[in-house]
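This is what each chain is made of:
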Amino acid sequence: MTTKITRRQFAAGTAASAALLAGSAPFNIVRAQPKALKIGSIHPRSGYQAQLGLACQRGIDIAPRVLKQLGMNAEVEIMSADTESNVDIARSRAEKLINDGAQVLIGAFDSGQSAAIAQVAEQKGVPYIVNVAAAPQITEQGYKFVFRNFPTAPMLVGDGLNLMKGVFEKSGITPKTAVFMHCNDTFGQSMAGAIKAMAPRFNLPFQIVETISYDPQAKDLSVEVAKAKATGAEMVMPVTRLNDAILIVREMIKQRWEPKIIMSPGAPGFYEGQFYKTLGKFSNGMITNVPWYNPRSSITQKLLDEFTKAYKNEMFELNVGFSFEAVMVAVDAFNRAKTANGKELADAIRQTKIENHVMAGGTLEFDAKGQNVNIRSVTLQNLDQRPKVVLPLEIAEDNLALPLQSWSKR
Amino acid sequence: MPIELVFTVAVQGILTGLVYGLMALGLSVIFGVVRVVNFAHGEMMTIASYAAIVAFGAWNIDPLVAMVPIAVILFAVGYMLQAVLINPFINRPEHSQFILLAAVAIIMVNGLLMIFGPDARNVLVDYALDSIEIGPLLVDKVRVITAALALLIAAGLFAFFKLTRTGRAIRACADNYLGALVVGLNVKKLYALTFGIGSACVGAAGAMMTLLIDTTPNLGPAFTLQAFVIVIIGGLGSMPGALLGGVLIGLSEAMSGLFFAPSAKTMFGVGILILVLLFRPQGLLGRKI
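Keep in mind it's a predicted model, so treat the numbers as computed, not measured.

### A short note on the overall build of chain B
Logical step 1: Scanning chain B for helices and strands turns up 11 helices and two strands.
Logical step 2: Tracing chain B from N to C terminus, the helices and strands come up as α-α-α-α-β-β-α-α-α-α-α-α-α.
Logical step 3: For 289 residues, the compact-globule formula gives about 19 Å, and the C-alpha radius of gyration of chain B, at 19 Å, lands near that figure.
Logical step 4: Relative to its full complement of 289 residues, chain B shows a buried share of 56%.

### Let's talk about the domain arrangement of chain A
Residues and elements named next belong to chain A.
Logical step 1: With domains assigned, chain A is organised as domain 1 (36-152 + 295-376) and domain 2 (154-292 + 378-409).
Logical step 2: Each of domain 1 and domain 2 has a C-alpha centre, and the two are 27 Å apart.
Logical step 3: Contacts between domain 1 and domain 2 engage 32 residues on the former and 30 residues on the latter.
Logical step 4: Together, the buried faces of domain 1 and domain 2 total about 2400 Å²; carbon and sulfur atoms form 64% of this surface.

### Here's the deal with the sheet that holds strand E11 (residues 377-383) of chain A
All names here are of chain A.
Logical step 1: One open sheet accounts for seven strands, arranged E7-E6-E8-E9-E10-E11-E12; its pairing is mixed. Only two strands of the sheet have a single partner each, and these edge strands are strand E7 (207-214) and strand E12 (386-391). Averaged over all pairs of adjacent strands, the angle between their axes in this sheet comes to 25 degrees, without regard to strand direction.
Logical step 2: Sheet analysis places E11 next to E12, joined by five bridges and oriented antiparallel. Bridge pairing in E12 links Leu 380 to Val 389.
Logical step 3: In the packing of helix H6 (residues 186-198) onto the sheet, contacts are made with strand E6 (177-183), E7 and strand E8 (235-239), and the angle to E6 comes to roughly 150 degrees.

### Here we look at the nonpolar core
Buried together is how nonpolar side chains tend to be arranged in soluble globular proteins.
Logical step 1: Formed by 120 residues in total, the largest nonpolar core has its most connected members in Met 235, Phe 275, Trp 292, Phe 324 and Trp 407 of chain A.
Logical step 2: The dominant element in this core, judged by the number of residues it contributes, is helix H11 (residues 318-337) of chain A, at 12 residues.
Logical step 3: Each of domain 1 (36-152 + 295-376) and domain 2 (154-292 + 378-409) of chain A accounts for three or more of the residues forming this core.
Logical step 4: If you look at the next biggest cluster of nonpolar residues, it comprises 78 residues, including Leu 74, Met 108, Phe 116 and Ile 230 of chain B.

### Some remarks on a positive patch on the surface
Residues and elements named next belong to chain B.
Logical step 1: Judged by side-chain charge, Lys 162, Arg 165, Arg 168 and Arg 171 come together as a positively charged surface patch.
Logical step 2: The element that contributes the greatest number of residues to the positive patch is helix H6 (residues 165-175), accounting for three residues.
Logical step 3: Positionally, Arg 171 belongs in helix H6.

### Points about the packing of aromatic side chains
Logical step 1: Applying the stated rule across the entire model yields 18 aromatic pairs over all chains.
Logical step 2: A ring pair is formed by Phe 160 of chain B and Phe 161 of chain B, whose centres lie 5.2 Å apart and whose planes are at 75 degrees; its orientation type is edge-to-face.
Logical step 3: For Phe 160 of chain B, a relative accessible area of 23% puts it in the partly exposed group.
Logical step 4: Classification of Phe 161 of chain B by relative accessible area gives buried; the value is 4%.
Logical step 5: Pairwise contacts between aromatic rings join Tyr 271, Trp 292, Tyr 293, Phe 307, Tyr 311 and Phe 316 of chain A into one cluster.
Logical step 6: Here Arg 58 of chain A stacks its cationic end above the ring of Tyr 311 of chain A, 5.9 Å away from the centre of that ring.
Logical step 7: The positively charged end of Arg 92 of chain B is found above the aromatic ring belonging to Phe 89 of chain B, 4.4 Å away from the centroid.

### Considerations on the interface of chain B and chain A
Logical step 1: Counting residues at the interface gives 31 residues for chain B and 31 residues for chain A.
Logical step 2: Carbon and sulfur atoms supply 54% of the area that chain B and chain A bury against each other, a total of about 2600 Å² over both sides.
Logical step 3: Between the two partners, chain B and chain A, sit five salt bridges.
Logical step 4: Salt-bridge contacts for Arg 143 of chain B lead to Glu 251 of chain A; the nearest nitrogen and oxygen are separated by 3.8 Å.
Logical step 5: If you list the elements that add at least two residues to the side of chain B that touches chain A, you get helix H1 (3-34), strand E1 (131-134), strand E2 (137-140), helix H9 (219-234) and helix H10 (239-259) of chain B.
Logical step 6: Examining the composition of the side of chain B that touches chain A, we find that four residues originate from one element, H9 of chain B, more than from any other.

### Here we look at the environment of Phe 31 of chain B
Residues and elements named next belong to chain B.
Logical step 1: Its place among the elements puts Phe 31 in helix H1.
Logical step 2: Put simply, Phe 31 and Pro 2 are 29 residues apart on the chain and 43 Å apart in space, counted from C-alpha to C-alpha.
Logical step 3: The contacts of Phe 31, once residues within four sequence positions are left out, are Val 36, Val 37, Leu 236 and Gly 237.

### What to know about the packing of helix H2 (residues 41-59) of chain B against helix H8 (residues 187-209) of chain B
Residue and element names in this part refer to chain B.
Logical step 1: At a minimum axis distance of 7 Å, the contact between H2 and H8 shows a crossing angle of 50 degrees. Overall, the two elements H2 and H8 adopt an arrangement that is oblique. Note that H2 runs across H8; the crossing there is right-handed. Where H2 abuts H8, its residues His 41, Met 44, Met 45, Ala 48, Ser 49 and Ala 52 lie against Phe 195, Ser 199, Val 202, Gly 203, Ala 205, Gly 206, Ala 207 and Met 209.

### Some remarks on unusual backbone geometry
All names here are of chain A.
Logical step 1: The residue after Gly 107, namely Ala 108, is reached through a cis peptide bond having omega 0 degrees.
Logical step 2: Here Ala 108 is to be found in the loop between strand E3 (104-107) and helix H4 (111-124).
Logical step 3: Cis geometry is adopted by the peptide bond preceding Pro 392, which originates at Leu 391 and carries an omega value of 0 degrees.
Logical step 4: With respect to the helices and strands, Pro 392 occurs in the segment after E12.
Logical step 5: Of note, Glu 84 is a non-glycine position whose phi angle comes to about 55 degrees, a positive value.
Logical step 6: Residue Glu 84 is classed as partly exposed on the basis of its relative accessible area, which comes to 35%.
Logical step 7: In this model, Asn 203 sits at a positive phi of 50 degrees, which is unusual for a non-glycine residue.

### Looking at the layout of surface pockets
One water molecule sets the probe size; rolling that probe over the atoms shows where empty space is left.
Logical step 1: Empty space within the largest pocket amounts to approximately 1200 Å³.
Logical step 2: Along its surface, the largest pocket is lined by 46 residues, and Asp 215, Gln 217, Ala 218 and Lys 219 of chain A together with Ala 222 of chain B are the ones closest to its centre.
Logical step 3: Of all the secondary-structure elements, those providing two or more residues to the lining of the largest pocket are helix H7 (222-230) and helix H8 (242-254) of chain A together with H1, helix H4 (94-116), H9, H10 and helix H11 (265-279) of chain B.
Logical step 4: Ranked by the residues each element gives to the lining of the largest pocket, the list is headed by H9 of chain B, at six residues.
Logical step 5: Taken together, the residues of the lining of the largest pocket break down into 19 nonpolar, 18 polar and nine charged.
Logical step 6: Looking at which domains feed residues into the lining of the largest pocket, each of domain 1 (36-152 + 295-376) and domain 2 (154-292 + 378-409) of chain A gives three or more.
Logical step 7: Size it by volume and the second largest pocket reaches roughly 740 Å³.

### Quick word on the side chain of Ser 131 of chain B
Logical step 1: Here Ser 131 of chain B is to be found in strand E1.
Logical step 2: Residue Ser 131 of chain B is classed as buried on the basis of its relative accessible area of 14%.
Logical step 3: Engagement of the side chain of Ser 131 of chain B in a polar contact is seen with the backbone oxygen of Lys 254 of chain A, the distance being 2.2 Å.
Logical step 4: In contact with Ser 131 of chain B, other than residues within four places in its own chain, are Lys 254, Gln 255 and Arg 256 of chain A together with Leu 138, Val 139, Asp 140 and Lys 141 of chain B.

Each value, and the rule that gives it
- Residue numbers run consecutively from 1 along every chain, following the written order of its sequence.
- Chains carry letters and ligands carry numbers; both start at the beginning, A for chains and 1 for ligands, and go up in the order they are written.
- Only residues with pLDDT of 70 or above have their local features reported here, since the model is predicted, and side-chain atom pairs are shown and tallied only from 80 upward, although totals for entire chains, interfaces and linings are computed over all residues.
- Excluded from the side-chain calculations are hydrogens and water; all other atoms, namely the structure's heavy atoms, are used.
- Comment: elements are numbered from the N terminus, with helices defined as DSSP H or I runs of at least four residues and strands as E runs of at least two.
- Values of the radius of gyration come from C-alpha atoms, whereas the globule rule sets the reference at 2.2 Å times the count of residues to the power 0.38.
- For each residue, the accessible area found with a 1.4 Å probe, counting protein chains only, is set against the maximum for its type, and the residue is called buried under 20%, exposed over 50%, and partly exposed in between.
- Those domain boundaries reflect an automatic or database domain assignment.
- By definition, residues are in contact when any of their heavy atoms lie within 4.5 Å.
- For any pair of parts, buried area is found by adding up, for both, the accessible area (1.4 Å probe) each one loses once the two are put together.
- Two strands are counted as paired when DSSP detects at least two bridges linking them.
- Axes here mean lines fitted to C-alpha atoms, for a helix over just the part in contact, with angles spanning 0 to 180 degrees between N-to-C directions.
- Here, nonpolar core means buried Ala, Val, Leu, Ile, Met, Phe, Trp, Tyr and Cys residues that are tied together by side-chain atoms lying within 4.5 Å of each other.
- Patch rule: a residue counts if its relative accessible area is over 30% and it has no salt bridge; like charges are joined within 9 Å, and nonpolar side chains (Val, Leu, Ile, Met, Phe, Trp, Tyr) within 5 Å.
- Note that accessible areas follow from Shrake-Rupley with a 1.4 Å probe, and for residues the cover is restricted to the protein chains shown.
- Think of a salt bridge as a Lys or Arg side-chain nitrogen and an Asp or Glu carboxyl oxygen that are within 4 Å of each other.
- The charged-residue count follows a simple rule in which Lys and Arg add positive charge and Asp and Glu add negative charge, with His and chain termini not counted at all.
- Just so you know, the charge point we use is NZ for Lys, CZ for Arg, CG for Asp and CD for Glu.
- The aromatic pairing rule takes the rings of Phe, Tyr and Trp, using the six-membered ring of Trp, and pairs them if the centres are within 6.5 Å, calling planes under 30 degrees apart stacked, those over 60 edge-to-face and the rest tilted.
- Here, a charge over a ring is recorded when the distance from Lys NZ or Arg CZ to the ring centre is within 6 Å and its angle to the ring normal is within 35 degrees.
- Each angle receives one of four descriptions, namely roughly parallel if under 35 degrees, roughly antiparallel if over 145, roughly perpendicular if within 65 to 115, and oblique otherwise.
- In a left-handed crossing the near helix is turned counterclockwise from the far helix by less than a right angle, and in a right-handed crossing that turn is clockwise.
- Of the two site types, the cavity is a set of points on a 1 Å grid over the protein atoms alone where a 1.4 Å probe fits but cannot get out, and the pocket is an open set with protein on both sides within 12 Å along at least five of seven lines, each lined by residues with an atom within 4 Å of a point.
- Grid points are joined across faces, edges and corners, and a volume is the space filled by probe spheres set on the points.
- Classification convention: Asp, Glu, Lys, Arg as charged; Ala, Val, Leu, Ile, Met, Phe, Trp, Tyr, Cys, Pro as nonpolar; all other residues, Gly among them, as polar.
- For this analysis, a polar contact is any N or O atom pair within 3.5 Å, provided that within protein one partner can donate a hydrogen and the other can accept it, and provided that sequence-adjacent residues contribute only side-chain to side-chain pairs.

Here you go:
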């Protein structure tokens, strides 16, 4: 007897088989052990923040190699995206990275861009580790998938103001007046808000006689510097990005303004490679109170060796360190969770406890809000055209040199 | 507020404004004659800046010297651009011209990004950080030099258009396209020449700019926008208007930064633009259409 299969029966059978396969496929995917963690690295690699975004990217790119040397199973695939220094593009690139398969996001140097990426990550249920960005609201929204291994603006300012007192004590120079200059982007505004709120509590010995805000993309800051100079302040407290830091110092030289101290309470600019390349001998003397790598840590030394081999002409600084640590956190959590599932990976990140790491401070761990509260700032001073730790004394690389040397005598 | 501070800032604003004016002059010349709005204006200026940076880096040539060959090269680029690419679009709708030049601008920005990367570059000549004392005023030496050169170039351009046969022929094309054709002028060649002259202005301004600001490939769109604001304030097609617009923008930015919030500087420039559009749409020195 022969069984005849009709066209309709064949079509129905095919459809049933397809449905069975489609139905079972997701279970297969869930059961499969992912071999490599797909990390979406999202930074401003063009536009006015490009240099800093590229510094972060270097820290990410070098991380898998160094982690392997440290004995961590680091099967990692890095997927990179450029935010073009733009908040809206940051949001759309984060969505694209996730759609392309990124299982964890790391970025984005800028607070505004990081806040936009955090919304996307939370919505899609993909863990997001903020490597550099200080606006406090990023970890104040009750997000479950957002973690930050970088101090908030109040943490930066708190440490920065405390360290200022140390600088005055050590140098014997205490200014009576200061002018506060800050860029008006999300980071600059957060820092300004934190300083306004916290300065009275720190009983600082100087009075802030003028606050000047400006566009960080400005091509000329001569008016701002002239206005600051007119106050006759003994200290300049700048919260800058890179380009504006260069512009401010250039204008100070042109306008022959020589305050006793130029000290940032915790902002980029003065310790960036481009700052030294552009200003040469005029880059010396500026002080920044900022989270920094611990030069005594064994991991720092390993990372520094690899970094120097890979990027001979680039500077090893905090953006590299924090970006490396973000990958370290992701890989550590992936190894413990043994899955790239968003929720389980986020839970594992929440349990992070890394004692030996790169940046100065205590154990690398996150509080209930996803914030690492153990990071500590150091006092850096530009000496011999590179940043050197001058405080705290236990990890100091050189002695503090104040007052600022005259521009004309350099 | 100390009066010398106000004067110092005002002088700085006027000097910066003159360089802005030179930058916008090229755009105004091209529009005044060819009636094509060059949306790649800022990008061409950025190319000139990079040429000056390369000349300084490779052969230690001061941008103020390199400015001459760069202007000549930009003249040739502008001439070819008009002759080969834009002339076929002259009688097409304005949106076609806009898309064409916007595409050229994007290619230029991305080309610069590929060649030079996104890092800011600058030229640090010996006198870059010098200042000149004039009584109680302290004025940036580089700004004084660049503003003086901007005035010199503008004066040369005015003289060319007023006194030479070619300049008069170009003005004839601008005044009456059909009439110029009837009297036998080679209009397309004169258009290419005009685009070349406008580009040469941009080349000179771009080389000078390297002494004032750091250059990145993404500066182009910002320069284009600023040049537009200046020429609209001064009057599209008016050469003195471009210089006046530049000085007004430079001065308004400086004074608003001093008396109000520095972060509101751009807002005041755009505020002037809105006022001009409301009360004198043809621009301060522009002709009523």
